[in-house]
There are 2 protein chains.
Amino acid sequence: MNTRYLLIAVCFAVWSLDGLADDAPDDGQEYAVFSECRLLSGESIVPCRIGYRTYGTLNADKTNAILIPTWYTGTSAEHAFLVSPELIDPDRYFVIIVDALGNGVSSSPSNSEPQANGRFPEITIADMVNSQHRLLTDVLEIPSLHGIVGLSMGGMQAFEWAVRYPDFSGKTVAAIGSPRLPTFDIALWTTRNRLMALYRKCQCKEALEAMEGFGMTYLVPTKLEQDIGRKDAVSTIIARGKARFESISVGQTWDQQRQAEAMISHNIARDYDDELNQAAEHVKSEFLIIIGADDRVVTPQPSRDFAALIDAQLVVLDEDCGHGDPLCAPEEFSTLVRGFLGGP
Amino acid sequence: MNTRYLLIAVCFAVWSLDGLADDAPDDGQEYAVFSECRLLSGESIVPCRIGYRTYGTLNADKTNAILIPTWYTGTSAEHAFLVSPELIDPDRYFVIIVDALGNGVSSSPSNSEPQANGRFPEITIADMVNSQHRLLTDVLEIPSLHGIVGLSMGGMQAFEWAVRYPDFSGKTVAAIGSPRLPTFDIALWTTRNRLMALYRKCQCKEALEAMEGFGMTYLVPTKLEQDIGRKDAVSTIIARGKARFESISVGQTWDQQRQAEAMISHNIARDYDDELNQAAEHVKSEFLIIIGADDRVVTPQPSRDFAALIDAQLVVLDEDCGHGDPLCAPEEFSTLVRGFLGGP
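On a predicted model such as this, the values are computed, not experimentally measured, just so you know.

## Brief notes about the overall build of chain A
Looking only at helices and strands, chain A has 13 helices and 10 strands in total. Overall size of chain A, expressed as C-alpha extent along the three principal axes, is 55 × 45 × 45 Å. Scored against the burial criterion, the 344 residues of chain A give a buried share of 57%.

Here is the structure:
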């Protein structure tokens, strides 16, 4: 497992997974199609396709299902490495990896004919979760989950699940995720979205060079120095900008924008007067919250705060990898998650 | 002093000082004009104007002069608050604040007629220092300095001074500066420069919103949360983008670009096989190096490394203000600098 794990980890760390979507094998990809997905905003995605992959076998009691929602721009194919004997064992669990709305596999600006690109409505993390609940209950006929495991934007969905459907999952792992974004993270995603808009306007390399340079500043300086080094810094930005320029589609920029907007508006306390402690009162799931000590993409403080409110197990990784900490400590991360999931 | 100090500190922290240049009083502004400044690149600035301001009186022995080079986009007017009995006392020292090349007061893309905007040559931190050395020796007839005090890009100039003219200054304060930039900082300034280029191309608000959003991510998340708050994050970015849109000139974008390029290429070991320890052997000045523990604009590690090489006094501020730490701890900073400068 480890080679592939580390390979994915590196890709993940530089946030270039979106470029891999086309190369991913599509064997095993399944879809549920609804005539529409009604959104919190009142708008709808029409028709509404939800992609997913399953691993292992659902037991007779239907008590061994685990859901993995995807991170920003990530596809179910790119999350398949999480299904392994060391982490989430398909011999033990029935694992459903679900493609989050807007990821280019489920309904997205890049693949919707009637709602292409900017005509695709804005979505929320709650909309992603609602579509997944419907997939599980209406299509897969799974009435409850043993657990949910989400990383990054997947962790945001995990938090949302626990407040929106508190009886659905017995265990929740929210790693490098957030119950809602603080100013820093909102500024980060707003900046990235402006860069998408600039790219669409200019169709020029500068916008993608800015995106790549900006992406480097998500990383911890010491790690970045090891990985690139000052002499190669500018040339790396230019090379990455060029590679992105040659691979990115306008549809993908809209996919990324819609998912980033979902994170910007993410707030598990949205129905509770914006009070995290009120939202916390609704949580019934057992929680493992994992953060990266120097995460500069998803600021860990809101996770820390929420862990205190619900008295959750909080694990602080400090691998000098920032947002990539769980993937820089694959064995520790695997052991933690495997141990926490336990049963069924 | 403190009100003005804090006001400037706030402005400094959000990196919007460049917008203030026009409002600054120009009383006391002086200039030296050379027919040309020959640059390290072989190109020249023709003619070459160096702005400066002086405070206090040069003593008969000429042993009480202190030089303050300016930070990124900062003008001598905006540094005047450093001259005070609590920090650099004009009753004791003859203080020269010198406008760094490209700051819009000294020769810059925005004010050069023959070399306007993109025709203005690229400059280095060493070029800034060489122009200042010439100002001191040829115009002000000051053969040596009691001290140099630089913050941020001013601190980079201070390091450069100590290696390039090791006999010139007895004491050097390099605060939140760097002997050369690591990958993280190079990525930051490269990104910012791409945003300048995008703004010039589109003349649109998105580029400046991206600049403002990006600027927020220079700050420590906890501080940013206090200062702005998640509910106002997006509206603040939009408001700041609009204000910048209404005030920025194309010339200013080039000023900022040329100064950022100077930082990107900054390397006090450029003449010493890129080896900081070789550069360190040339240092004769006594050094006070001040860093911000969580500085996300000028990564503190290179300053730490260089402090160890030259056995300098290193002070780590940890005010949760990141790059703004010296200005968030004005009394500690003042006491440190005042004490270190001592004499004459």
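What follows picks up the thread again.
## Considerations on the relation of the copies chain B and chain A
Between the two copies, chain B and chain A, the superposition gives an RMSD of 0.0 Å; the rotation angle is 180° and the shift along the axis is 0.0 Å. Look at the turn and shift together and you get a two-fold axis relating the two. Interface overlap between copies: 100% of the residues of chain B at the interface are likewise at the interface in chain A, consistent with a symmetric, same-surface contact.

## Digging into the sheet that holds strand β4 (residues 48–55) of chain B
All names here are of chain B. If you trace the 8 strands from one edge of the open sheet to the other, you get β1-β4-β6-β5-β7-β8-β9-β10, paired in mixed fashion. Looking at which strands have only one partner, the edges of the open sheet turn out to be β1 (30–34) and β10 (313–317). For this sheet, the mean angle separating the axes of adjacent strands, direction not counted, is 20°. Bridging between β4 and strand β6 (residues 94–98) involves 4 bridges; their strand directions are antiparallel. Paired with Arg53 across the bridge in β6 is Ile97. Where helix α2 (residues 125–139) meets the sheet, it contacts β1, β4, β5 (65–69) and β6, and its direction lies at approximately 65° from that of β4. The sheet strands contacting helix α3 (residues 153–164) are β5, β7 (145–151) and β8 (169–175), and the helix crosses β8 at an angle near 150°.

## As for the packing of helix α5 (residues 183–202) of chain A against helix α5 (residues 205–216) of chain B
Closest axis-to-axis distance for the α5(A)/α5(B) pair is 8 Å, and the angle between their directions is 155°. Of the possible angle classes, the one that applies to α5(A) and α5(B) is roughly antiparallel. With respect to the hand of their crossing, α5(A) and α5(B) are arranged in left-handed fashion. Taken together, the residues of α5(B) that come into contact with α5(A) (itself represented by Thr183(A), Phe184(A), Ala187(A), Thr190(A), Thr191(A), Arg194(A), Leu195(A), Ala197(A) and Leu198(A)) are Glu206(B), Ala207(B), Glu209(B), Ala210(B), Gly213(B), Phe214(B) and Met216(B). A class-by-class count of the residues in the contact of α5(A) with α5(B) yields 9 nonpolar, 4 polar and 3 charged.

## Digging into the confidence of the model for chain A
Residue and element names in this part refer to chain A. When pLDDT is averaged along chain A, the result is 93; 92% of the residues meet or exceed 70. Below a pLDDT of 50 lies the segment residues 1–25, which in the model reaches 40 contacts outside its immediate sequence neighbourhood of four places, other chains included. As scored by the predictor, the complex reaches a pTM of 0.92 and an ipTM of 0.90.

## Structural notes on unusual backbone geometry
With the exception of glycine, the majority of residues adopt a negative phi angle, and the majority of peptide bonds are in the trans configuration. Here Val46(A) and Pro47(A) are connected by a cis peptide whose omega angle stands at -20°. Topologically, Pro47(A) is positioned in the loop between β3 (44–45) and β4 (48–55). Its identity as a non-glycine residue notwithstanding, Asp273(B) has a phi of 55°, on the positive side. Mapping Asp273(B) onto the fold places it in the loop between α8 (250–265) and α9 (276–280). Accessibility expressed as a C-beta count within 10 Å gives 8 for Asp273(B), which makes it exposed. For Asp274(B), which is not glycine, the phi torsion reads 65° and is therefore positive.

The rules behind the values
- Residues numbered from 1 in each chain as written.
- Chains lettered and ligands numbered in written order.
- Predicted model: local features only at pLDDT ≥ 70, side-chain atom pairs only at ≥ 80, totals over all residues.
- Helix = DSSP H or I, 4+ residues; strand = E, 2+ residues; numbered from the N terminus.
- Buried ≥ 20, exposed ≤ 12 C-beta atoms within 10 Å, placed from the backbone.
- Least-squares fit on C-alpha atoms with pLDDT ≥ 70 in both.
- Contact = placed C-beta atoms within 7 Å.
- Pairing = 2+ DSSP bridges.
- Axes fitted to C-alpha atoms, helices over the stretch in contact; angles between N-to-C directions.
- Parallel < 35°, antiparallel > 145°, perpendicular 65-115°, else oblique.
- Left-handed = near helix turned anticlockwise from the far one by under 90°.
- Nonpolar A, V, L, I, M, F, W, Y, C, P; charged D, E, K, R; others polar.
- pLDDT = per-residue confidence, 0-100.

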